[in-house]
Amino acid sequence: MNQKNKIRVRFAPSPTGYLHVGGARTAFYNYLFAKNQGGDFILRIEDTDQARSTEESLKMVVHDLKWLGLNWDEGPDAITLKDVGAFGPYKQSQRLDLYQAVAQELLNQGLAYYCFLTDEEIEAQKKASEAAGTMAHLVSPYENWPLEKSKAELRNGKTAVVRFKTRELKKDYTFTDLVRGQVTFPSDMVGDFVLLRSDGMPVYNFCCAVDDHLMQISHVLRAEEHLSNTLRQLMIFEAMKWSTPQFGHLSVVLDEDKQKMSKRKGATSCFQFMEEGYLPEALLNFIALLGWSHPEEKEIITIDEMIKTFSTSRLNASGAVFDGVKLKWMNAQYLRALPDDQLWALVKPFLLKANLNLPFGNQQWAYQSIRTFKTHMETLSDAVGLYGLLDDSQFQIQSESSEVLSWEPTKPVLMKWKELLQAHDSETFLESDFLRIENDVKTSLNVKGKNLFQPIRVAVIGKPQGTELKILVPLMSRSSLIDRVEKVLAK
RNA sequence: GUCCCCAUCGUCUAGUGGCCUAGGACACCUCCCUUUCACGGAGGAUACAGGAGUUCGAAUCUCCUUGGGGACGCCA
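Residues numbered from 1 in each chain as written. Chains lettered and ligands numbered in written order. Predicted model: local features only at pLDDT ≥ 70, side-chain atom pairs only at ≥ 80, totals over all residues. Heavy atoms only, no water.

Colleague: Can you tell me about the pairing of strand β8 (residues 181–186), naming the residues and giving the values?
Modeller: Bridge count for strand β7 (residues 172–177) against β8 is six bridges, and the pairing is antiparallel. Along β8, the bridge assignment pairs Phe 175 with Val 183. Taking the residues between adjacent antiparallel strands as the criterion, β7 and β8 are bridged by three residues. (Pairing = 2+ DSSP bridges. Helix = DSSP H or I, 4+ residues; strand = E, 2+ residues; numbered from the N terminus.)

Colleague: So, the environment of Gly 324: which residues are in play, and what are the values?
Modeller: You can see Gly 324 is positioned in helix α11 (residues 324–337). On the basis of relative accessible area, Gly 324 is assigned to the partly exposed category, the value being 34%. Residues Gly 324 and Ile 471 lie 147 residues apart in sequence; the distance between their C-alpha atoms is 30 Å. (Buried < 20%, exposed > 50% of the residue type's maximum accessible area, 1.4 Å probe, protein only.)

Colleague: Go over the pairing of strand β1 (residues 8–11), please, and point to the residues and values.
Modeller: The alternating pattern of β1 places Arg 8 and Arg 10 on one face and Val 9 and Phe 11 on the opposite face, and all of these are buried. In the classification by handedness, the crossover that spans β1, the intervening helix α1 (residues 21–37) and the parallel strand β2 (residues 40–43) is right-handed. (Right-handed = clockwise from strand over helix to strand, strands pointing away.)

Colleague: Give a description of the protein's contact with RNA strand B that names residues and reports values.
Modeller: The environment of RNA strand B is made up of 59 residues, and the closest members are Thr 48, Arg 180, Arg 197, Glu 297 and Phe 453. Of everything in RNA strand B that lies within 4 Å of the protein, sugar and phosphate atoms constitute 69%. Contact distances for RNA strand B include 3.0 Å between a sugar or linking oxygen and a side-chain N or O atom of Ser 228. Arg 457 is positioned such that a nitrogen or oxygen atom in its side chain is 2.9 Å from a base nitrogen of RNA strand B. If you list the elements that add at least two residues to the surface near RNA strand B, you get β6 (161–164), β8, α7 (229–239), β13 (320–321), α11 and α18 (450–461). For the surface near RNA strand B, the element with the highest residue contribution is α11, accounting for four residues. Residue composition of the surface near RNA strand B, by class: 17 nonpolar, 22 polar and 20 charged. (Near = heavy atom within 4 Å. Polar contact = N/O pair within 3.5 Å; in protein donor to acceptor, adjacent residues only side chain to side chain. Nonpolar A, V, L, I, M, F, W, Y, C, P; charged D, E, K, R; others polar.)

Colleague: Quick one: what's the story with the domain arrangement of chain A, residue by residue and with numbers?
Modeller: Parsing chain A into structural domains produces domain 1 (3–93 + 253–321), domain 2 (95–250), domain 3 (338–388) and domain 4 (395–490). Each of domain 2 and domain 3 has a C-alpha centre, and the two are 56 Å apart. (Domains from an automatic or database assignment.)

Colleague: I'd like a rundown of the nonpolar core, residues and numbers included.
Modeller: Membership of the largest hydrophobic core comes to 102 residues, with the highest contact counts inside it found for Phe 322, Val 347, Tyr 387 and Trp 417. Looking at this core, the element that brings in the most residues is α1, giving nine residues. If near-sequence neighbours (up to four positions away) are discounted, Phe 322 is found in contact with Val 21, Val 253, Leu 254, Met 261, Phe 273, Phe 286, Ile 287, Leu 290 and Leu 327. The next biggest cluster of nonpolar side chains, apart from the first, holds 44 residues, and it includes Tyr 90, Cys 207, Ile 217 and Leu 231. (Core = buried A, V, L, I, M, F, W, Y, C linked by side-chain atoms within 4.5 Å. Contact = heavy atoms within 4.5 Å.)

Colleague: Describe the confidence of the model for chain A, and please don't skip the residues or the numbers.
Modeller: Residues of chain A with pLDDT of at least 70 account for 98%, and the chain-wide mean is 91. Reported confidences for the modelled complex are a pTM of 0.93 and an ipTM of 0.94. (pLDDT = per-residue confidence, 0-100.)

Colleague: Tell me about the state of the cysteines, and please be specific about residues and values.
Modeller: Using the criterion set out here, one finds zero disulfides in the structure. Just so you know, Cys 208 is unpaired, no disulfide at all, and the nearest cysteine sulfur is the one on Cys 207, 7.1 Å from it. Overall, Cys 208 belongs to the buried group, its relative accessible area being 0%. (Disulfide = S-S within 2.5 Å.)

This is the structure we're talking about:
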């Protein structure tokens, strides 16, 4: 714990691609915990793997976090990427001198050493232990070299990594995990691990421990895959006589095959969900419930309510399958709860992007249409198909209409429908206008039921099933309807 | 191979020794509403991985087995 006992948590992604929903969940839990406790939420960028880290990825991650609304108190600014906060820099690639200093200290104390083993030598050891069926840890012949001797080698142009010395520790490390309870690791679970690469770059377990200390992180909520890394970090904390933060290891998010989610099977990045028309609130609500539950088991929960009720004690230790169907349901709930103007503002860009030809300027039409389609949408992109019904250039007689078209009463119904449309004294229709016209067709031809409304539906939307006509027709123009019925009659 | 973590309906979960003949949500099925679809409403089916133990009593505690996941990198 830091001096002021201030709650400080961090989300520490490595910028190697889009923000994964699993990462988003980790970030969100950290955010919720910080806000619940009145603490700070810090964004730290773990970009020490220079081969994979890119500025482009950093921008993507920052963009996605912003879209989700997970604002951080310290870290790279969302727009300029310039560091904000008193504990910077927040990109590990800019903190190299800090890691060097700690490594030097460990070296001086004889708790770490320069290792001159080549890749080939390491590979040979590995092969040998594999052949023996043991997977034994690496043993370095340099572990007890005097520091001066190693430095002389270095001066001669040799390259070396810095390894942490583990073989003399011989004890168990126990800590209380916020989600798993007491966890114990024997020290020989790991071998002498690398602190600094031969180019001076620090390795994850090292910079993570150093930064968590230097940034006065009080609680570390991170993915389960880091559970066994905790041992190495505990060793570093101990060697440096630093107090340790509290750790909590979150369960993994799985796909429907109970495997770790991968890009191969559907959407996994926040960006994809954004593009498909999910609301950030809905995505957040959904992923929060993948491993956490509201004390009263509420399902639809506002961010504020989640902040208010969040507790690590309600975090689940077992893996959770990401159920896209439930996400859709949840998104639909959020969509329906939105006022017409807000929903329209969200839907419109999707329609524009799909190049639909619609009366966008007509606000009354816009709100009327949004009310009509609200209960038919699960995602914003669903609107494209729905509104497409209203775009004349999209009108097509679907193959499933052929049966209806073959019915005997169909043609007379359509003729009458067209006639009454032409007789209508306005270019637009009220719901009552439509019902009256439909009824006139019914009484004048003595046709009812399926034989009546299915032909008309085909003449309006090109297929015998779909949205209710009495709400659809008022969104359409007379000329458009006449045009469509003529197309159907011509078939 | 070694070590670590996990295990309740198909899925997300509630459950911290008696309130559990296991509750909720999504999905599924039936019915109602509706001249289609959807929305909405009412019902229904479905789970404590297996085995030993502790206890008057176990989904809850212990151990074993099985299954799943992770770690064993100059990735994070």
